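Architecture and fold: a report
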Amino acid sequence: MEGDTFRLGNGGRVDGKVVQTFQTSFIQVQNILDQNRLLINEINKNHESKIPDNLGRNVGLIRELNNNVRRVVDLYADLSTSVTKPSTDIAPSEGDSKGGHKRNRPA
C-alpha cells in the first residue's frame, strides 16, 4: 500500500502511506473501544453485586477506562493534526480546474 496513490471522489489523490496511517489508527481506536466495552461490562457487574471487594476493584477498572478514553482522544488528535497540516501527500488531480501554481505568501 505504501507508495501507492489512491484517487478521491473530488479528483484529488492520496498517498498510500496516508491511507495506511488512517487504517492503523482506526484499528487501534477500535481495539481500545472493544476493550472499553469489556471494562464497562465488568464495572457494571461489580456495581450490581454490591460486594465491597468488587466495588473496590471498580476504582482500578474506571482508571483504566479513563486512560483508554485519553488514548482514543490522543489518536484522534494525531489524525486531525496529520490531516490539517500542509502536506504534499495530498495532491490535486492532473485535470484540476483550478490550474496554475499556488503562490507562497511571504512570512
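Residues numbered from 1 in each chain as written. Predicted model: local features only at pLDDT ≥ 70, side-chain atom pairs only at ≥ 80, totals over all residues. Heavy atoms only, no water.

1. Focus on the overall build of the protein
Tallying secondary structure elements over the protein gives 2 helices and 3 strands in all. Relative to its full complement of 107 residues, the protein shows a buried share of 20%. Working note: accessible area of the protein is about 8600 Å², and carbon and sulfur atoms make up 52% of it. (Helix = DSSP H or I, 4+ residues; strand = E, 2+ residues; numbered from the N terminus. Buried < 20%, exposed > 50% of the residue type's maximum accessible area, 1.4 Å probe, protein only. Areas by Shrake-Rupley, 256 points an atom, 1.4 Å probe, with all protein chains shown as cover.)

2. Side note on the confidence of the model for the protein
Looking at the protein, the pLDDT average stands at 81 and 75% of residues meet or exceed 70. Contacts of residues 88–105 to residues separated by more than four positions or lying in other chains number 15 contacts, the stretch itself having pLDDT below 50. (pLDDT = per-residue confidence, 0-100. Contact = heavy atoms within 4.5 Å.)

3. Quick look at the packing of aromatic side chains
For the coordinates displayed, the defined rule picks out 2 aromatic pairs. Judged by centre distance (5.9 Å) and plane angle (40°), the ring pair of Phe 22 and Phe 26 falls under tilted. Of this pair, Phe 22 and Phe 26 both sit in helix 1 (residues 16–49), separated by 4 residues, roughly a single helical turn. Look at Phe 22 and you get partly exposed, because its relative accessible area is 24%. Following the ring pairs from residue to residue traces out a cluster consisting of Phe 22, Phe 26 and Tyr 76. (Phe/Tyr/Trp six-rings, centres within 6.5 Å; stacked < 30°, edge-to-face > 60°.)

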